[in-house]
Amino acid sequence: MRIFVLVLLGLMAGRAAALSLVDFRPVHKVRVQQEGANSVRLDMSSAEWDAGLRFKPASPLDLSAARWLAVDVENLSKTRQGRLTLHVSAGGAGGDSGDHATAIFKKNRSVNTGIGLNPGEKGTMKLLLAHPGVYGAPSTARGPYVIDTAHITEIALKMQWPYEDEVEDLASFRISNLRVEGEPEQGRFVPPEKYVPFVDGYGQFAHADWPAKIHTDAQLADDLAAERQALKSAPASWDHFGGWLQGPQLAATGAFRVTQMNGRWWLVTPDGHLFFSVGLDVTRIMTDITDGNRHPDWYQRTVPADGQMKFTIWNLEKKFGKADFAADYFDFILRRFDSWGLNTIGNWSAPELGMLSRKPYVMSVLERAKGVKRHAKFHIYDFEDPSFETNMRQAIRARFAEDDSLRHAAKDPMCIGFFVDNELQFQKWIPAVGAEKAKPNLDLYFRLCKEELAQLAPGRLYLGSRFVGFRQLGVLWDAAAKYCDVVTVNAYANSVYNLSEKMFARDVPARPILVGEFHFGCFDRGMFKPGLAPVWNQAERARSYTRFVEGCLAHPLVVGCHWFQYRDQPLLGRGDGEAYQIGFVDVCDRPYEELCTAARRVGETLYEKRVRGVWGEK
């Protein structure tokens, strides 16, 4: 079904030229109205997989002469935040999503970008056209993810990672001026014979330059002095915990708790002030280390005998001028959190930070408990194993017995609470065994975790097991709500504002929700992959952070959101291949100023927006 015809315009040989005619086809209950030669209104009642618009040209498009594919988007809703993603595929449908860094160029691939918009807001999505002839790496090395831009087989607009309920007015957008822009960065191409080594002495990509790239050791030391002078105190509206000092005074219980006020859920500080949690996961000295012995020729510096490429540590030693910099750096991190408007140390962070008892934090008791049988097909425990309950309880107790930081947190007012496990595959296991059969096992799992934490860490909150996204069956939400103080969900989307308030059953009281992971990344700082929620530059990362947190603040169930993660992942990736540009700081410990500034602005208005509304909502 043809909806309208769009002409892509770009610069070729210094003049505008038509590239192709494209048919637009609505997918899954989408209503489309043409408003002009190059504008369309898109109304959506559903965000099911691929719901939106799909453009399949009669023959592949050649976009190899442009740098960007861009489109303007306006959120026409007056009450809802909106999110949309732009996808480009080469080689056919079902292409590899390309989440992990890779060296080999293949067809059948896709790339995407996204945007989150407040009601009535306009914005532009831009997607870097990752040409293999510009960004490609030799097959013997690694480089940015690329697609065959000379053979584009599909362009799509949709809401990636769907989670919303079906409602008539879910989303309404005006989409206009789909176009190509700019010319490829031909100077970026590196001949294969000159590509290796491609990792410089600081862990950065050697064959590109960008703002804030480190070139000398002296820059690292200068960074420390300059940033120490620039760091600010925490927002004046915060109490000692980062709660709302100027807000209502509730009962001071000496521990974090949850409450509901005027239809909104809140965390409450030990001093009795309302608290909304904004923080960073994996806040550590070192996050991931690549093994240099696998490909020593890839590095400009000599690979040590153990192969451990500890670029962050080496850079911090130069920054602080000594090898025993840890205590100074932890103090520096906490000052950064204050300056950046962040009040929570997120999951998987350095235990030493929590043990300083200077800022609220969350902790993970365990993941994949030792000695507990797992299901053969899924990343989940074998709940039907007769020894499951006994072994699971023993595993939790063993962690507290062996870990000083957990025992400290159990008595520390700064500890908000504990997670047990991470991203178990409930969404695959429950349909496999059936909801009725799964229900008693789920109740047992959450109940025993709650009971053990009540004994081992009385007064601390049980924050659940960090679900993979909001698309979960009701039986799981209900079981978690019975026993979790807060239900935690990891969600990589441009907005979670349209999250349903009806995921909990009527006979099960709703619980507050914490977003345990979200992020945005891009290609403009030498990294090979932008992450699970790509945007087009650092300014858009900052705007996307702001919109995401604003959406959380506007939602009555959400009590916080934690960015994954503090530092970019290594250029060559962690153990599973993730190599994302997703940090507040890079491998050289240089902050992404646009993002940090945006976080500060959000932090300064955190409680005013939560109470008075972000865009006029109540």
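Asker: Just give me the short version of the packing of aromatic side chains, but keep the residues and values in it.
Answerer: This model, assessed by the stated rule, comprises 46 aromatic pairs. Both rings, one in phenylalanine 320 and one in phenylalanine 325, keep their centres 6.1 Å apart while their planes meet at 15 degrees; by these two values the pair is stacked. Exposure class is identical for phenylalanine 320 and phenylalanine 325. Each is buried. On the basis of an interplanar angle of 80 degrees and a centroid distance of 5.6 Å, the ring pair of tryptophan 477 and phenylalanine 504 is categorised as edge-to-face. Of this pair, tryptophan 477 sits in helix H11 (residues 474–483) while phenylalanine 504 sits in the loop between strand E23 (487–490) and strand E24 (513–518), placing them 27 residues apart in sequence. We note that tryptophan 477, like phenylalanine 504, is buried.

Asker: Quick one: what's the story with helix H10 (residues 435–456), residue by residue and with numbers?
Answerer: Taking 1.5 Å of rise per residue, 22 residues should cover 32 Å, and H10 covers 31 Å from first to last C-alpha, within 8% of that figure. Listed in full, the buried residues belonging to H10 are Ala438, Asn441, Leu442, Asp443, Leu444, Tyr445, Phe446, Leu448, Cys449, Glu452 and Leu453. Structurally, H10 contributes buried residues whose contacts are with helix H7 (388–402), strand E20 (415–419), helix H9 (426–433), strand E21 (461–462), strand E22 (467–468) and H11.

Asker: An account of the packing of helix H3 (residues 217–230) against helix H4 (residues 311–320) is requested, with residue identities and associated values reported.
Answerer: Following both chains from N to C, one finds H3 and H4 inclined at 65 degrees, their axes separated by 7 Å at the closest point. The way H3 lies across H4 gives a crossing that is right-handed. Counted together, Asp217, Leu220, Ala221, Asp223, Leu224, Glu227 and Arg228 of H3 and Asn315, Lys318, Lys319 and Phe320 of H4 form the full contact between these two elements. The class makeup of the residues in the contact of H3 with H4 is four nonpolar, one polar and six charged.

Asker: Outline the sheet that holds strand E12 (residues 257–261), supporting the account with residue identities and numerical values.
Answerer: What the three strands build is an open sheet, ordered E12-E13-E14; its pairing is antiparallel. Two strands close off the open sheet at either side, each with one partner strand: E12 and strand E14 (274–275).

Asker: Give me the lowdown on unusual backbone geometry, citing residues and values where you can.
Answerer: Note the cis peptide between valine 196 and proline 197, where omega equals 0 degrees. Along the chain, proline 197 falls in the loop between helix H2 (192–195) and H3. A positive phi is found at aspartate 421, a non-glycine position, where the angle reads about 80 degrees. The topology assignment puts aspartate 421 in the loop between E20 and H9. Exposure remark for aspartate 421: the relative accessible area of 0% places this residue in the buried category.

Asker: Residues and numbers for the pattern of salt bridges, please.
Answerer: Tallied over the entire structure, the rule returns 49 salt bridges. One salt bridge connects glutamate 48 with arginine 471, and the closest N-O pair in it is separated by 3.3 Å. One end of the pair, glutamate 48, is in the loop between strand E4 (39–44) and strand E5 (52–55); the other, arginine 471, is in the loop between E22 and H11, with 423 residues separating them in the sequence. Classification of arginine 471 as partly exposed rests on a relative accessible area of 36%. With a closest N to O distance of 2.6 Å, aspartate 50 and lysine 158 form a salt bridge. Separated by 108 residues along the polypeptide, aspartate 50 in the loop between E4 and E5 and lysine 158 in strand E10 (residues 152–158) bring together distant segments of the chain. With relative accessibility at 29%, the residue aspartate 50 sits in the partly exposed group. Shared partners join several salt bridges into a network, and the residues in it are Glu121, Glu540, Arg543, Arg547, Glu550 and Lys609.

Asker: Quick rundown of the nonpolar core? Include the residues and the values.
Answerer: Counting 123 residues, the largest nonpolar core has Met392, Phe426, Tyr445, Phe446 and Tyr545 as the members making the most contacts within it. For tyrosine 545, the contacting residues outside a window of four places in its chain are Val278, Leu342, Phe518, Phe520, Trp563, Phe584, Leu595, Ala599 and Val602. Counting 37 residues, the second-largest nonpolar core is a separate cluster that includes Leu42, Val111, Tyr145 and Ala171.

Asker: A description of the packing of H9 against H10 should follow, citing residues and the corresponding values.
Answerer: Running from N to C, H9 and H10 cross one another at 135 degrees; their axes reach a closest spacing of 7 Å. The pairing of H9 with H10 is recorded here as oblique in orientation. Contact residues: Phe426, Trp429, Ile430 and Val433 in H9; Ala435, Lys437, Ala438, Asn441, Leu442, Tyr445 and Phe446 in H10. Looking at the contact of H9 with H10 residue by residue, the classes come out as nine nonpolar, one polar and one charged.

Asker: Just give me the short version of the sheet that holds strand E3 (residues 30–36), but keep the residues and values in it.
Answerer: Within a sheet, neighbouring strands are paired by backbone hydrogen bonds and run either parallel or antiparallel to one another. Pairing within the open sheet is antiparallel, and its five strands lie in the order E3-E4-E11-E6-E9. Whereas interior strands pair on both sides, the edge strands pair on one side only; in this sheet they are E3 and strand E9 (122–128). Between one strand axis and the next, the sheet turns through 25 degrees on average, direction left out of account. Relative to E9, strand E6 (residues 68–75) is paired through seven bridges, and the arrangement is antiparallel. The residue bridging alanine 70 from the neighbouring strand is lysine 126, located in E9.

What counts, and where the lines are drawn
- Residues numbered from 1 in each chain as written.
- Predicted model: local features only at pLDDT ≥ 70, side-chain atom pairs only at ≥ 80, totals over all residues.
- Heavy atoms only, no water.
- Phe/Tyr/Trp six-rings, centres within 6.5 Å; stacked < 30°, edge-to-face > 60°.
- Buried < 20%, exposed > 50% of the residue type's maximum accessible area, 1.4 Å probe, protein only.
- Helix = DSSP H or I, 4+ residues; strand = E, 2+ residues; numbered from the N terminus.
- Expected span 1.5 Å × (residues − 1).
- Contact = heavy atoms within 4.5 Å.
- Axes fitted to C-alpha atoms, helices over the stretch in contact; angles between N-to-C directions.
- Left-handed = near helix turned anticlockwise from the far one by under 90°.
- Nonpolar A, V, L, I, M, F, W, Y, C, P; charged D, E, K, R; others polar.
- Pairing = 2+ DSSP bridges.
- Salt bridge = Lys/Arg side-chain N within 4 Å of Asp/Glu carboxyl O.
- Core = buried A, V, L, I, M, F, W, Y, C linked by side-chain atoms within 4.5 Å.
- Parallel < 35°, antiparallel > 145°, perpendicular 65-115°, else oblique.

Just geometry here; none of it tells us what the structure is for.
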